[in-house]
Structure formats: C-alpha cells, structure tokens
Amino acid sequence: MNVLGIMSGTSIDGVDLVLCRIQKSPLTCKLIGSVSFKFPSSLQDELKLAAKHELRVDRLALVHHELGRFYAEICAKTVRAKKWKVDVVGVHGQTVFHAPPKATLQIGEASYLRAVLDVPVVCDFRTLDLALGGQAAPLATLFHQKILAPLALKLIKKKSAPVAIQNLGGIGNVSYFNGKTSFAFDTGPANMLIDLACSHLTNKEFSFDKNGAFATKGIPAPGLISKWMKHEYFSRRPPKSCGREEFGESFLIGALGDLEASSKSENKLSDTLATLTEFTAVSLADSYKRYLPQPPAVVVLCGGGAKNPYLKSRIQYHLPKSQVLTSQDLGWPAETIEGAAFALLAAFRIWNIPSNLPQTTGAKKAASLGKIL
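Definitions and limits used
- Residues numbered from 1 in each chain as written.
- Predicted model: local features only at pLDDT ≥ 70, side-chain atom pairs only at ≥ 80, totals over all residues.
- Heavy atoms only, no water.
- Helix = DSSP H or I, 4+ residues; strand = E, 2+ residues; numbered from the N terminus.
- Contact = heavy atoms within 4.5 Å.
- Salt bridge = Lys/Arg side-chain N within 4 Å of Asp/Glu carboxyl O.
- Core = buried A, V, L, I, M, F, W, Y, C linked by side-chain atoms within 4.5 Å.
- Buried < 20%, exposed > 50% of the residue type's maximum accessible area, 1.4 Å probe, protein only.
- Axes fitted to C-alpha atoms, helices over the stretch in contact; angles between N-to-C directions.
- Parallel < 35°, antiparallel > 145°, perpendicular 65-115°, else oblique.
- Left-handed = near helix turned anticlockwise from the far one by under 90°.
- Nonpolar A, V, L, I, M, F, W, Y, C, P; charged D, E, K, R; others polar.
- Expected span 1.5 Å × (residues − 1).

(A) Quick look at the environment of Gly362. Mapped onto the secondary structure, Gly362 falls in the loop between helix 15 (358-361) and strand 13 (371-372). Sequence separation of Gly362 and Gln316 is 46 residues, and the distance between their C-alpha atoms is 29 Å. The residues touching Gly362, leaving out its near neighbours within four places in the chain, are Gly133, Gly134 and Pro239.

Rendered as structure tokens:
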C-alpha cells in the first residue's frame, strides 16, 4: 500500500511529507516522492512557545488544532498537485513535551487529515510504548533495522558487520545492529543547539548553519566541550531519550554565557557554532564508545545534519575506525528518513504487527504502536 508519512521534528522548522510504497511480504519500502513545507511564521512561533512550555492550556489547544489543519491543507494540496495515490497516513505530530517515563505529548490534531483525505490515519505512536514502561523513543529504529541497515551492508559489500544508523535531527539518536543485537538510544544534541545559536546570534537572519559554513571558519573551545560533557544525560545508561528539556533553550543560555566569558575572539558567531558543532560530534562519539558493544564498521548519517559536510567531517574524525556515509549514499535523501520511518510504523499498525523494539525503548513487551482514525 501507499503510505504517506508526515514528520515535523524537534527543530520546529517545517514538515516533511514522504510517500512510500510498502509491501508486507517480503517486506519492502520504496520511496515514491517527498516534499517539505516551512511552517507559517505565526504557527512556528506558537509551536516554539509550546515546546518551551510557555503556552496556557487554551492557546495550546488552539495551536494543536491549527497544526492539524495545516497538516491537512498541505497534504491535500500535495496529493492533488502530484496526483499521489494514498492508502494510509502516518503522522507523528509535533513533540512539545517529552519526559519519560512520566509523559510525552505530540500535538497536531489528526482528525483533520482523516476528514480531508478520507483514508485511515495512524497517529499518537509514542504513548503505548510509554504505557508499557518504555522511553517512547527512539521509534525510527524499525525503519533503520529493516530498510537502511541491509542497504548499508550491501554498499560496503559485507554480509554482516556492525552498523550504526545515526539520525541528526534536533536531537541525535543511534540505531545499532550487529546481527545479534539491536540497540538504540538518543545520543544527545544534534542540530538543535547549532540552529538555536545561529538564529539568536544573527537576529534570525540565518536559522541554521548551511553546510557548516560559519562553523568551518571558527575555532572550537575544547575546555567548554569537556565541561558540557559532564551533563548527567551522557552518563545515564540506555535505554534513554532526551529533547529540548535537556538540550534546548535553557542549555543554550548557559552555553552562550560560557562562550562569552571564555572567548576573546572577534569571530564570535563562527567560534560559537564551531564549538557547538564539535559538541555534537564529541557527544555522539562518546556515546558510541561508552554504550555500543563494538565500534560500527559503517555509520549512516540521516536527518538534516547529514547535509552538513563540516559536521560529517568532525564525526568521521572522532570515529576513525568507522566508515561514515549518509543516507543519500543509500538512495534515501536525508530529509525523507523520519517521514518514511513513520510511514513504515503506520503500515505495521494497519497490519497489527509489533513495531517497537523493547530492547531499545525499555518497554516491557513489543506492541503495534499508534492509534487508527
């Protein structure tokens, strides 16, 4: 069946629509097409306030419905324009609170999609895993395991070898497979701190560091990175997950204060972004060394950070024993992975096949995640 995956991540920059042709047996997932939309500025501002927990319940309810209508509008427009045939929709929603094992909340009322497209809509993927004692994250592991890992092994011409699929969205998460073990957890910050700092220091002229252009010209501050690596999250053993609560605006305020106190350089923007980019690479590599059974033979980067060649080069530097690739090398553009992951999760829910991996989320048992409208 044709499944439309809808994903808006922790960076709160926009929405990716990814249409996949998914076959049950043997399992295959083929990319049909994708398109991305920026959030209207007024909606984006409200979503950012929601993610910072600064909205009263009435405004939160309003933005929940406004986001749902936006999803429905862009999907209807895209389906008409591209003449896509859609059998099922999988929508993740926008995470505005994530504090496992107590609660997680994704907003964006899915009923508008059901009303406009008139096909089954699968939503609210995370809550059942949480109810089963899990972290409700990471959930893209299913797609990483079933689709990307086999492609990576084929590309490096090996039948078996340790593979890491590393998502670089607002938060980083790794899925690790070595033939016997499946393992996944959030590694820490990825693009979030870089994007927030870029927007703040350029008065919103730049919302992200395209291709790492600013960071490339800067000099990282290793002493500050060592200080930030003492954050309690990094010493917490998996299964674990994190979000803006750990590495969002409040962390950035402290980091910018540290940088202001230590830097005498005229190149403030580039040095700041170089340091935050290095922090992403160092925290990722440190997570691998601490918690993966053995170094991966190949690391596949996906998500927006995979488009940043400077970040990729720093990750490669800190993982000298691994071959670092991007999902584009496997035929999957970086911006399609998360949407495709939730398309696959939606298909598994329609088929009532378990889609979480308890060994990665910490859930008591496997379950088919999501609610069907």
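That shown, we press on.
(B) Broad picture of the pattern of salt bridges. In this structure the tally under the stated criterion is 12 salt bridges. Two residues, Lys307 and Glu335, come together in a salt bridge whose shortest N-O distance is 3.1 Å. Of this pair, Lys307 sits in the loop between strand 11 (298-302) and helix 13 (309-318) while Glu335 sits in the loop between strand 12 (323-326) and helix 14 (337-350), and the two are 28 residues apart along the sequence.

(C) Molecular detail of the nonpolar core. In terms of nonpolar packing, the biggest core is built from 43 residues, with Cys20, Ile22, Phe143 and Trp332 touching the most fellow members. Of all the secondary structure elements, the ones that give two or more residues to this core are strand 1 (2-7), strand 2 (14-23), helix 5 (141-155), strand 8 (163-168), strand 11 and helix 14. In terms of residue count, helix 14 provides more of this core than any other element does, 10 residues in total. Those residues in contact with Trp332 that sit more than four places away from it in its chain are Cys20, Cys29, Lys30, Leu31, Phe143, Ile147, Leu148, Leu151, Ser327, Ile337 and Ala340. By size, the runner-up hydrophobic cluster in this structure holds 33 residues, among which are Ala50, Tyr71, Val96 and Ile107.

(D) Region of the structure containing the packing of helix 1 (residues 41-51) against helix 2 (residues 57-82). Remark: helix 1 packs on helix 2, axes separated minimally by 10 Å, with the N-to-C direction vectors making an angle of 130°. With respect to helix 2, the element helix 1 is oriented oblique. Helix-helix and strand crossings are classified by hand; for helix 1 and helix 2 the assignment is left-handed. Packed against helix 1, whose contacting residues are Ser42, Leu43, Glu46, Leu47, Leu49 and Ala50, the element helix 2 presents Arg59, Leu60, Val63, Glu66, Leu67 and Phe70 at the interface. For the contact of helix 1 with helix 2, the residue count by class is 8 nonpolar, 1 polar and 3 charged.

(E) Up close: the packing of helix 5 against helix 14. For the pair helix 5 and helix 14, interaxial distance at closest approach is 9 Å and the crossing angle is 100°. On the basis of the axis angle, helix 5 is roughly perpendicular to helix 14. Seen from helix 5, the contacting residues are Leu142, Phe143, His144, Ile147 and Leu148; seen from helix 14, they are Ile337, Ala340, Ala341, Leu344, Leu345 and Phe348. Counted by class, the contact of helix 5 with helix 14 contains 10 nonpolar, 1 polar and no charged residues.

(F) Here's a closer look at helix 2. For helix 2, built from 26 residues, the straight-helix expectation of 38 Å at 1.5 Å per residue is met to within 8% by its first-to-last C-alpha distance of 37 Å. The complete set of buried residues in helix 2 reads Val63, Leu67, Gly68, Phe70, Tyr71, Ala72, Ile74, Cys75, Ala76, Thr78 and Val79. Immediately downstream of helix 2, the backbone of Lys83 shows phi near 55°, a positive value.

(G) Examining the environment of Val86 more closely. Assignment of secondary structure puts Val86 in the loop between helix 2 and strand 4 (88-91). On the basis of relative accessible area, Val86 is assigned to the buried category, the value being 14%. Contacts of Val86, omitting those with residues within four sequence positions, involve Asn2, Leu4, Leu19, Val79 and Val119.

Nothing here speaks to function; it is all geometry.
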